Amino acid sequence: MVNIPYEPPMEVNTNQISKFISKISIPWTITIGYLTIILLVPMAALILKSSTLGFGKFWEIATSDVAISAYQVTFITAIFAGLINGLMGTLLAWVLVRYDFPGRKIFDAMIDIPFALPTAVAGLVLATVYSPTGWIGQFFTPFGIKIAFSQLGVFVAMLFISLPFVVRTLQPVLQEMERETEEASWALGATDWQTFRLVILPPLIPPILTGVALGFSRAVGEYGSIVVIASNIPFQDLIAPVLVFQRLEEYDYVGATVIGAVLLLISLVLLLVINFLQKWGSNYAEN
Amino acid sequence: MSIIVDNVSKSFGSFQALKDIHLEVKPNTLVALLGPSGSGKSTLLRTIAGLENPDQGRIVINGKDTTGVDIRKRNIGFVFQHYALFKHLTIRENIAFGLRIRKSSEAHIKERVTELLNLIQLEGLGNRYPSQLSGGQRQRVALARALAVQPEVLLLDEPFGALDAKVRKELRAWLRRLHDDVHITSVFVTHDQEEAMEVADEIVVMSNGKIEQIGSPAEIYDNPASPFVIKFIGEVNILPSHAPLFTNNNHFGEEIFVRPHELDILLEDDGNSSRAVVKRIIHLGWEIQAELAVDSWELTAHLTREKFDRLQLRHNQTVYIKPSRVKSFREDSVAV
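All figures in this text were calculated on a predicted structure; none of them were measured in a lab.

Notes on the side chain of T257 of chain A
Then, number 1: Note that T257 of chain A resides in helix 13 (residues 253-281).
Then, number 2: Excluding its chain neighbours within four sequence positions, the residues that come into contact with T257 of chain A are L46, K49 and S50 of chain A.

Section: the interface of chain A and chain B
Then, number 1: Taken together, the contact pairs 22 residues of chain A with 23 residues of chain B.
Then, number 2: Together chain A and chain B conceal approximately 2100 Å² of surface at their shared face, both sides included; 61% is due to carbon and sulfur atoms.
Then, number 3: Our count for the chain A to chain B interface comes out at three salt bridges.
Then, number 4: Notably, a salt bridge pairs E178 of chain A with K87 of chain B, separated by 3.3 Å at the nearest N-O pair.
Then, number 5: Seen at the junction of chain A and chain B, the total is five residue pairs in polar contact (both at pLDDT 80 or more).
Then, number 6: Those elements that provide at least two residues to the side of chain A that touches chain B are helix 9 (179-187) and helix 10 (192-221) of chain A.
Then, number 7: Residue composition of the side of chain A that touches chain B, by class: eleven nonpolar, six polar and five charged.

Points about the pattern of salt bridges
When the charged atoms of two side chains with opposite charge come close together, those side chains can pair.
Then, number 1: All told, the structure shown has 34 salt bridges over all chains when counted by the stated rule.
Then, number 2: In this structure, the salt-bridge partner of R98 of chain A is E182 of chain A, at a minimum N-O distance of 2.8 Å. With R98 of chain A in helix 4 (residues 65-98) and E182 of chain A in helix 9, this pair connects stretches of sequence that are 84 residues apart. Here R98 of chain A and E182 of chain A have matching classes, each one buried.
Then, number 3: Residue D180 of chain B pairs with R176 of chain B through a salt bridge whose shortest N-O separation is 2.7 Å. Remark: R176 of chain B and D180 of chain B occur in helix 5 (residues 165-182); sequence separation between them is four residues, near one turn of the helix.
Then, number 4: D180 of chain B sits in the partly exposed class, given a relative accessible area of 41%.
Then, number 5: Through salt bridges with shared partners, a single network forms among R168, K169, R172, D192, E194, E195 and E198 of chain B.

Topic: the packing of aromatic side chains
Then, number 1: Scanning the entire structure with this criterion turns up eleven aromatic pairs over all chains.
Then, number 2: Between F78 of chain B and F80 of chain B, the ring centres sit 4.7 Å apart and the planes meet at 45 degrees, which makes this aromatic pair tilted. For the pair F78 of chain B and F80 of chain B, one class covers both residues: buried.
Then, number 3: Among the aromatic residues, ring-to-ring pairing joins W94, W193 and F196 of chain A into one connected group.
Then, number 4: Positioned over the ring face of W174 of chain B is R140 of chain B, at 6.0 Å from the centre of the ring.
Then, number 5: When the ring centre of Y221 of chain B is taken as origin, the NZ or CZ atom of R259 of chain B, which lies over that ring, is 4.2 Å away.

Here we look at the nonpolar core
Then, number 1: V5, L44, I76, F78, I95, L143 and L155 of chain B are the most contacted members of the largest nonpolar core, which has 81 residues in total.
Then, number 2: With 43 residues, the next largest nonpolar core counts Y71, A240, I259 and V262 of chain A among its residues.

With respect to the environment of W186 of chain A
Then, number 1: When you line up the elements, W186 of chain A lands in helix 9.
Then, number 2: Along the backbone, W186 of chain A and V262 of chain A are 76 residues apart, and their C-alpha atoms lie at a distance of 50 Å.
Then, number 3: If near-sequence neighbours (up to four positions away) are discounted, W186 of chain A is found in contact with D192 and T195 of chain A together with L51, I71 and R72 of chain B.
Then, number 4: Within the local environment of W186 of chain A, its side chain forms a polar contact with the side chain of D192 of chain A, the two groups lying 3.5 Å apart.

With respect to unusual backbone geometry
Then, number 1: One non-glycine residue with positive phi stands out, namely N232 of chain A, at about 55 degrees.
Then, number 2: Relative to the assigned elements, N232 of chain A resides in the loop between helix 11 (224-229) and helix 12 (240-249).

A look at the sheet that holds strand 13 (residues 263-266) of chain B
Residues and elements named next belong to chain B.
Then, number 1: Taken together, the five strands give an open sheet; going across it, the order is 13-17-14-15-16, and neighbouring strands pair in antiparallel fashion. The strands lining the two open edges of the sheet, one partner per strand, are strand 13 and strand 16 (297-304). For this sheet, the mean angle separating the axes of adjacent strands, direction not counted, is 45 degrees.
Then, number 2: Looking at chain direction, strand 13 and strand 17 (residues 318-323) are connected through four bridges and run antiparallel. Opposite D264, over in strand 17, you have K322 as the bridge partner.

Focus: the packing of helix 4 (residues 135-147) of chain B against helix 5 of chain B
All names here are of chain B.
Then, number 1: Across the interface, helix 4 lies against helix 5 with an axial gap of 10 Å and an inter-helix angle of 25 degrees. With respect to their mutual orientation, helix 4 and helix 5 come out roughly parallel. In this structure, helix 4 crosses over helix 5, and the sense of that crossing is right-handed. Here G136, Q139, R140, L143 and L147 of helix 4 come into contact with helix 5, specifically with V167, L171, W174, L175 and L178.
Then, number 2: Class assignment of the residues belonging to the contact of helix 4 with helix 5 gives a composition of seven nonpolar, two polar and one charged.

Criteria and cut-off values
Residues numbered from 1 in each chain as written. Chains lettered and ligands numbered in written order. Predicted model: local features only at pLDDT ≥ 70, side-chain atom pairs only at ≥ 80, totals over all residues. Heavy atoms only, no water. Helix = DSSP H or I, 4+ residues; strand = E, 2+ residues; numbered from the N terminus. Contact = heavy atoms within 4.5 Å. Buried area = accessible area lost by both parts, 1.4 Å probe. Salt bridge = Lys/Arg side-chain N within 4 Å of Asp/Glu carboxyl O. Polar contact = N/O pair within 3.5 Å; in protein donor to acceptor, adjacent residues only side chain to side chain. Nonpolar A, V, L, I, M, F, W, Y, C, P; charged D, E, K, R; others polar. Buried < 20%, exposed > 50% of the residue type's maximum accessible area, 1.4 Å probe, protein only. Phe/Tyr/Trp six-rings, centres within 6.5 Å; stacked < 30°, edge-to-face > 60°. Lys NZ or Arg CZ within 6 Å of the ring centre and 35° of its normal. Core = buried A, V, L, I, M, F, W, Y, C linked by side-chain atoms within 4.5 Å. Pairing = 2+ DSSP bridges. Axes fitted to C-alpha atoms, helices over the stretch in contact; angles between N-to-C directions. Parallel < 35°, antiparallel > 145°, perpendicular 65-115°, else oblique. Left-handed = near helix turned anticlockwise from the far one by under 90°.

Printed below as a string of structure tokens:
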């Protein structure tokens, strides 16, 4: 055993600031420090850079026709992708938890592929398969529907990259759900549909909404796959993140940061909504 | 409302959970299905409820053959071990659930829920959520929810199994009083013999998917029908029938059984007794437990305090023991 000599506590400086600092716990200090260098400083830089323009100029760039159209394409497509994945993700999670079938584990693992696959690769694969002559795209060509290189392509890419969120937020909730509550509902005379609507669904709504919101914000920020699958033509299928990159290519750094700052503000609002939903969801949860 | 289980069998794969069960539950009685885990008692309850379908046989509730009838149409109340309350609904809404499904009027729902909240003594807690209640309170809510729709029969699956010992004792006394007021034909599953003895009018002892005995608590204890029942209900000394004790009795089978309180301790040999040595004396409060050795066999005797004081038993003292009653069973399990 090593004998550790006793060290008297250091003299504490009596001024207010060091008194305050000495009360801050180590985990708290690390958390704040980490968030500062990873998140706060870069975000502040973005806001500061775009605010050097003054409000009038900022507003002009932020609300230019091209930018407005890009926000619209981005957010409207992302909302639809989020909603569709809300429905399909719920169904997928349900089947993965409640059904037993050969290959279930493989399907379960496949759900995470959009997380792991480089987005450019995803875009390339989707653009090939959904192109007018591709494996899937060819079936839509006779009806005059073009998927790749259109806003529909943007939609498909967003569906792909936001697929795991609802499934992964819902799965643990479904797994913990007691089957007995369904039996209790039947015993009280409820039909299968009433049981689903009144007993199963209500506790699932908060996690579904959280998953939809997470998937939606992921879709809003997506760049890599969409730049490949879309034709990136303004007023047609140009999304805001691609617009930012186009501005950078034109050495218009200020223009890029302005659009970036708008995206940042909208994302912040969304994340606050997600937090609210999570809080709402845990309101009646058992501790 | 009576329940008749008529020659019901049920298998899960190669495991036969119920073997040819025949059981009649008289109207307005409270019956316990008692047995160790895996004895089929829960499966029997779920089959009566309609949560499981029997492979053969019939379930007749109140004179109607309900075999194959969906649980939704049986009008039964079911209470689960882990309450199975709807966590997203308040206590009032949990109790009102079945009434809402039946499209009762708002006024009637309000009146009935208030009445039931009074019955379960949770008047002030109607607007809380299940997570804000204790286990005992939750189980009372589950009971109120089941009773709200005025079911013909009430089925309870280990209703006190998830509660701690003290709450469990309170709740079962409460259930007994409730049944005396409400008089609904009820069947409850338990593995706790004390619980069955205290609460039930009639006990059905089950083992390995079969009914071992049906009877009142006193009948089951005093006249057990099989070695399983005597071993499962209450304490008993088990000796091989070739043991050189009590040889003047006629025994059957391979084992003989003596209840600890039916084993008399004497200080002098009266010609009919066996010599024993006191190995251990345990004070159980109002009762004394003496552990005795006869040759290589060990027996337990229960004495009253009064008797213990009179005998002044000591460790390693030599005494004489004499059973007042010995039980043995023929191979075909007929008690003698």
